[in-house]
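What follows is the residue order along each chain.
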There are 2 protein chains.
Amino acid sequence: MSIRIGILGYGNLGKGVESAIRQNPDMELKAVFTRRDPKSVQVRTEGVSVLSADALETMQDEIDVLILCGGSATDLPVQTPRYASLYNVVDSFDTHARIPEHFDNVDKAAKAGGKIGIISCGWDPGMFSLNRLYANCILPEGKDYTFWGKGVSQGHSDAVRRIEGVKDARQYTIPVPEALEAVRNGENPELTTRQKHTRECFVVAKEGADLSRIEEEIKTMPNYFSDYDTTVHFITEEEMKRDHSGLPHGGCVIRTGKTGFSKEHGHVIEYNLKLESNPEFTGSVIAAYARAAYRMNREGMSGCKTVFDIAPAYLSSMSGEEIRAHLL
Amino acid sequence: MSIRIGILGYGNLGKGVESAIRQNPDMELKAVFTRRDPKSVQVRTEGVSVLSADALETMQDEIDVLILCGGSATDLPVQTPRYASLYNVVDSFDTHARIPEHFDNVDKAAKAGGKIGIISCGWDPGMFSLNRLYANCILPEGKDYTFWGKGVSQGHSDAVRRIEGVKDARQYTIPVPEALEAVRNGENPELTTRQKHTRECFVVAKEGADLSRIEEEIKTMPNYFSDYDTTVHFITEEEMKRDHSGLPHGGCVIRTGKTGFSKEHGHVIEYNLKLESNPEFTGSVIAAYARAAYRMNREGMSGCKTVFDIAPAYLSSMSGEEIRAHLL
């Protein structure tokens, strides 16, 4: 019997989860739920119905795991605790400062409902977090580095789009090659924000807009750009569509550390991702953790979990014997 | 209260575990056990006694986790099941074909004794296995690659040392840079053994030995060298000592795969290790898993476990709240 999945929210991430489910033969997409008019949403998987989010109040017998694909700012803080009392759920909550509060809310709801609620699942937080934990446990004396990119930051692209005179924009976060190399060489550099990443913006300006004013506003924007070296390119709408319609991303987590009686030996642990589609990769991580939520709940577990709390074997559709034989 | 560790076997790995324990403030090395005359073994940690392996029959109240540092060929198949009924144990068993049998033997013994027995712990098997599993679960449609090196292979060094006329030898396994690059570029190459790694040998010959006969014997040795492009350098004893006394190693596990409704997006997941001391790094992984064995057993669990069965949080001395706050 397949694991029956529901998706709430059909944006980029919801679509990424949808295509990941097709690659996992033990899973089946049961329905997509939306707060929009269901008739206005067209999903790609044949035979899958689009339902109003209200229908979730009564579908516990038809959905094994509900995947929450809303935003971290306002959707997930409400949705995840709400649905964790009714369903096993997985979200990709990424507002770091609010994780403790979110964890507690989801934990209470999931325990009350006897369900599993997995939060902050994806690649960062998610696979990057896991690799930070493993590397810290192996090398207690060392230093952590996280580099993001080259990839599109949606938050930064949105910030540029809000500037007057900007019609469209795409922002790439790019690690500084010299910084990366120094870290990989075990030089343990202390790096400022500016030394770690540069930012590159591609902007379509409205007709007659003052380009130098736009460029200045981008480069001096606090929090988003002022601490970075930023390059701005003005391009046409056609160039934007042709060259910048994807959502690639990636990056790496590196820990360098010492071992030995006199700390005489250095080690470098690196986890590196190169992703042509950020939402599809995130959706693929979430699909694997949906399997874990289902299996852990079938074993009688409940409550809020993160990637730290989940034994890796739960992610696999293979048996213990099979993974020991093929992957150990 | 510290986790009290015992080490059985004081070779390179035993020494690596000893120095790892010093870097984990919640652990204490209680004793080193040996099958040699204990008086002949000098350990580096002050105040730690060296005892005969026989003493292990009666020390259950003094040791929380026993780390087995013997060899996979003949020591561990006997030792791990034997001591898993008396202690929580961790080993680094790496004879791949015999893992199912070893798992079953350790599982029976550990369950009978109410203990945890962790097998095949280190970096390969160990961290590399974990990364193969995670990457396979995230990208169900893809291809796995493992490259080893640059690093010293002890088995291959020993094989060269057994050749007549050879006084000492060191063998380095080296990934072929072009193969690595093709994999990282997502080209999904099909690679033969020869295309993935080369082998480089440094040999000290006995006086008067026939160097070209030695070189020929190395390069044509079945299993070890005949399927590889091998380079042989004859060096002096002084050069061997000066340039080749370390035990560096490392390598990487890469999975490339596709996502999307039409498999239109490619992804590359890479886990990469650069290690100046193979036994110290392996010992550091084992120390973290010793903590997991102790904590899982305190929660009432028993039986044989591999890295696949252990939730990452068990490896850390920090609380769930702390790891969520600092590493998620």
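What comes next concerns the included structure. Quick caveat: nothing in here was measured; it's all calculated off a predicted structure.

1. A closer look at the relation of the copies chain A and chain B
So, point 1. Aligned on chain B, chain A shows an RMSD of 0.0 Å; the corresponding rotation is 180 degrees and the shift along the axis is 0.0 Å. Overall, the copies show the geometry of a two-fold rotation axis. Nearest to the rotation axis, the C-alpha of A:Ala311 is located 1.9 Å from it, this being the minimum over chain A.
So, point 2. Interface overlap between copies: 100% of the residues of chain A at the interface are likewise at the interface in chain B, consistent with a symmetric, same-surface contact.

2. Points about helix 11 (residues 320-327) of chain A
Each α-helix winds once per 3.6 residues, and so residues spaced three or four apart point in a common direction.
So, point 1. Inspection of helix 11 of chain A places A:Ile323, A:Arg324 and A:Leu327 among the buried residues, and these make up the whole buried set. Take helix 11 of chain A and look down its axis: the buried residues cluster within an arc of 110 degrees, on one side only. Turned more than 90 degrees from where helix 11 of chain A packs its buried face, A:Glu321 and A:His326 sit exposed.
So, point 2. Where helix 11 of chain A is buried, its residues touch helix 3 (99-113) and helix 4 (127-138) of chain B.

3. Observations concerning the sheet that holds strand 11 (residues 229-234) of chain A
Residue and element names in this part refer to chain A.
So, point 1. The sheet built from four strands is open, its strands ordered 8-9-10-11 with mixed pairing. If you trace the sheet from one side to the other, it starts and ends with strand 8 (151-152) and strand 11, each paired once.
So, point 2. Judged from the two bridges that link them, strand 8 and strand 9 (residues 166-175) form a sheet pairing that is antiparallel. If you follow Gly151 over to strand 9, its bridge partner there is Thr173.
So, point 3. Together, strand 8, strand 9 and strand 10 (197-205) form the strand contacts of helix 5 (residues 154-161), whose direction differs from that of strand 9 by roughly 145 degrees.

Rules used in this analysis
Sequence order as written defines the numbering, with residues in each chain counted from 1. In the order they appear in the text, chains get letters beginning with A and ligands get numbers beginning with 1. Given that this is a predicted model, residues contribute local features only at a pLDDT of at least 70 and side-chain atom pairs are listed and counted only at 80 or more, while totals for whole chains, interfaces and linings are drawn from all residues. Neither water nor hydrogens contribute to the side-chain values; these are computed over all heavy atoms in the structure. What sets the superposition is a least-squares fit of C-alpha atoms, and only residues with pLDDT of at least 70 in both copies go into it. Note on contacts: a residue pair qualifies if any of its non-hydrogen atoms lie within 4.5 Å across the two residues. Only protein chains enter the area calculation, which uses a 1.4 Å probe; residues under 20% of their type maximum are buried, those over 50% are exposed, and those in between are partly exposed. A run of H or I in DSSP counts as a helix once it spans at least four residues, and a run of E counts as a strand once it spans at least two, with each numbered from the N terminus. To be clear, the arc concerns the directions from the helix axis to the C-beta atoms. Any two strands are treated as partners once DSSP identifies two or more bridges connecting them. Between N-to-C directions, angles cover 0 to 180 degrees, with each direction set by a line fitted to C-alpha atoms, over the stretch in contact for helices.

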